[in-house]
Amino acid sequence: MDTSEYRKWGDQSEEAPGGSATQVQLQSARTELGEAQAKLIEQESALKELRERSVAFLLTLTPGIISTPLTPAVTKGLAEAGRDREDVRSELFRALEAVRFQNSSCQPCPKSWLPYQGSCYFFSVPKAAWEEAQRHCAGAGAHLVIVGDLEEQVFLTRNTRGRGYWLGLRAVRRARKIQSYQWVDGVPLSFSHWNQGEPNDSLGREDCVMMLHTGLWNDAPCDNERDGWICEKRSGC
Ligand SMILES: [Ca+2]
Ligand SMILES: [Ca+2]
């Protein structure tokens, strides 16, 4: 069979390509925050020391002159320490904002896509053949859903709304015989959720896999236009 349509997915993981760059930015913001915090602690300790020294100095004065204004040097020192402290506070604030911005820069799922564990899912209402469904997903920067485990399956089952959907799973056929099944990212099938008696490869032409409204899987002819489809893409968070 012609596998060229989905082989191209082979070098593409489920992770968004921008994911690692965001991680690097977040890491950098965290480093910046750590540095700012260290500086603030350092400045606060310097200020505390200066205050202690000022108090000690005041205590050496006789009660009669305690009301005398602080010496210009002490006043200047305190003012400088205060300014430094303000600088560090602004720096810390900026760093915190940077971290917050990184967190909020997570792309939320597009309208009418459902979020679940770092992915966004689109359950189509229209019906289409498998290839067309895959094209729809690709057009949205997604792929037909890859069901990695039971948790993801349970989420999908909860959202079928009584309809059937294509999955990103196809048969690998050699000499008319199905050898295995492969996800659109090229990964062989491990977790599966077949309906009883499936996959049956009825009439030797059921190369594509869909999810029944019950959530259970069935192999079906790829040109069937009886089902919708589910697209999945990473949310980038
Ligand atoms: Ca998945
Ligand atoms: Ca079947």
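The name given to the protein chain in an unreviewed UniProt entry is C-type lectin domain family 4 member G, with Tupaia chinensis as the source organism.

Our focus in this paragraph is the state of the cysteines. According to the stated counting rule, one finds three disulfides in the structure shown. A sulfur-sulfur distance of 2.1 Å marks the disulfide that ties Cys109 to Cys120. Linking Cys109 and Cys120, the disulfide has an S-S dihedral of approximately -85 degrees and is accordingly described as left-handed. Here Cys120 lies in strand 2 (residues 119-123) and Cys109 lies in the loop between helix 3 (72-104) and strand 1 (114-116), a separation of 11 residues in the sequence.

With that out of the way, let us pick up the coordination of the calcium ion (ligand 2). Coordination of the calcium ion (ligand 2) by the protein comes from Glu198 (OE), Asn200 (OD1), Glu206 (OE), Asn218 (OD1), Asp219 (O) and Asp219 (OD), over a distance range of 2.2 to 2.4 Å. For the calcium ion (ligand 2), the six donor atoms in the first shell make angles of 71 to 144 degrees at the metal, so the coordination geometry reads as irregular. Each donor residue of the calcium ion (ligand 2) belongs to the same chain, with the gaps between them written as E-x1-N-x5-E-x11-N-D. Here Asn200 is found in the loop between strand 5 (177-183) and strand 6 (208-211), whereas its partner Asn218 is found in strand 7 (residues 217-220), with 18 residues between them in sequence. Overall, the relative accessible area of 40% leaves Asn200 in the partly exposed class. Overall, Asn218 belongs to the buried group, its relative accessible area being 14%.

Another aspect to go through is the nonpolar core. Counting 38 residues, the largest nonpolar core has Leu156, Trp166, Leu167 and Trp217 as its most contacted members. For this core, the secondary-structure elements that each account for two or more residues are strand 2, helix 4 (130-139), helix 5 (150-158), strand 4 (165-174), strand 5, strand 6, strand 7 and strand 8 (228-234). Ranked by residues supplied to this core, first place goes to strand 4 with five residues. Judged by nonpolar contacts, the second largest core, of five residues, contains Leu33, Ala36, Leu40 and Leu92.

Geometrically, the link from Glu198 to Pro199 is a cis peptide bond, its omega value of 0 degrees lying close to zero. Mapping Pro199 onto the fold places it in the loop between strand 5 and strand 6. Positive phi, normally seen in glycine, also occurs at Arg176, with a value near 65 degrees. Along the chain, Arg176 turns up in the loop between strand 4 and strand 5.

Okay, the environment of Trp130 next. Mapped onto the elements of the fold, Trp130 is located in helix 4. A relative accessible area of 1% places Trp130 in the buried class. Distance in space between the C-alpha atoms of Trp130 and Gly228 is 9.0 Å, their sequence separation being 98 residues. At a separation of 2.9 Å, a polar atom in the side chain of Trp130 contacts the main-chain carbonyl oxygen of Leu167.

A separate point is the pattern of salt bridges. Applying the stated criterion across every chain yields a total of four salt bridges. Among the ionic pairs, Asp201 bridges to Arg173, the shortest N-O distance being 2.9 Å. Taken as a pair, Asp201 in the loop between strand 5 and strand 6 and Arg173 in strand 4 lie far apart in primary sequence, 28 residues in all. Each of Arg173, Asp201 and Asp207 takes part in one network of salt bridges that share partners.

The rules behind the values
Residues numbered from 1 in each chain as written. Chains lettered and ligands numbered in written order. Predicted model: local features only at pLDDT ≥ 70, side-chain atom pairs only at ≥ 80, totals over all residues. Heavy atoms only, no water. Disulfide = S-S within 2.5 Å. Helix = DSSP H or I, 4+ residues; strand = E, 2+ residues; numbered from the N terminus. Donors = N, O, S within 2.8 Å, 3.2 Å for Na, K, Ca; no water. Tetrahedral: all angles 85-135°; square planar, octahedral: opposite > 155°, others 65-115°. Buried < 20%, exposed > 50% of the residue type's maximum accessible area, 1.4 Å probe, protein only. Core = buried A, V, L, I, M, F, W, Y, C linked by side-chain atoms within 4.5 Å. Polar contact = N/O pair within 3.5 Å; in protein donor to acceptor, adjacent residues only side chain to side chain. Salt bridge = Lys/Arg side-chain N within 4 Å of Asp/Glu carboxyl O.

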